[in-house]
Each structure stands twice: as C-alpha cells, then as structure tokens.
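Per-entry structural report
This is what each chain is made of:
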Amino acid sequence: MTRQLPAPVPLCGARTVFWPDDEACDAECSWPPEHGGTRHFDEILGEWDEAELPTVLRDE
C-alpha cells in the first residue's frame, strides 16, 4: 500500500533580517498567507511587526 504525503501548506513567506549577535539572520513567516495584518512569525525570531523590522512580502 502506497502512503500519500499531505499536501504542503502554503506559507505567508514574508521575510526580514535581524541581528541577534554579530551576524545577520534571515527570518521567514511561517503563518498561512491569509493571516493578514502586519505581524509575522518565524521559529527563531518569534513574532515581529512590519513597523519594527523592514519586511519584504512574498508578492513584492
């Protein structure tokens, strides 16, 4: 019996760069695209707002 993998969940994909130490780190929003608003979430950075960090949206 062949097992089917679930379809990938689309992500918002908004991106930013942050500097926790001396090196820059990239962050990408892992919330679904329909989350709306200016807040985003990355596993390492956590939640951020477009007013706090320059953010590139997926469709730009």
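What this report covers is the structure whose coordinates are included nearby. (Residues numbered from 1 in each chain as written. Predicted model: local features only at pLDDT ≥ 70, side-chain atom pairs only at ≥ 80, totals over all residues. Heavy atoms only, no water.)

1. Comments concerning the pattern of salt bridges
- On inspection of all chains with the given rule, the structure shows 2 salt bridges.
- Between Arg-39 and Asp-49 there is a salt bridge, with its nearest N and O atoms 3.3 Å apart. Taken together, the residues span a long stretch of sequence, with Arg-39 in strand S3 (residues 39-42) and Asp-49 in strand S4 (residues 46-49) at a distance of 10 residues.
- Residue Asp-49 is classed as buried on the basis of its relative accessible area of 14%.
- Connected through salt bridges with shared partners, the residues Arg-39, Glu-47 and Asp-49 form a single ionic network. (Salt bridge = Lys/Arg side-chain N within 4 Å of Asp/Glu carboxyl O. Helix = DSSP H or I, 4+ residues; strand = E, 2+ residues; numbered from the N terminus. Buried < 20%, exposed > 50% of the residue type's maximum accessible area, 1.4 Å probe, protein only.)

2. Comments concerning the side chain of Thr-55
- Looking at the element boundaries, Thr-55 is found in the segment after S4.
- Here the side chain of Thr-55 touches Trp-48 through a polar contact of 3.0 Å, side chain to side chain.
- Among the polar contacts listed, one links the side chain of Thr-55 to the backbone oxygen of Leu-53, at a separation of 2.9 Å. (Polar contact = N/O pair within 3.5 Å; in protein donor to acceptor, adjacent residues only side chain to side chain.)

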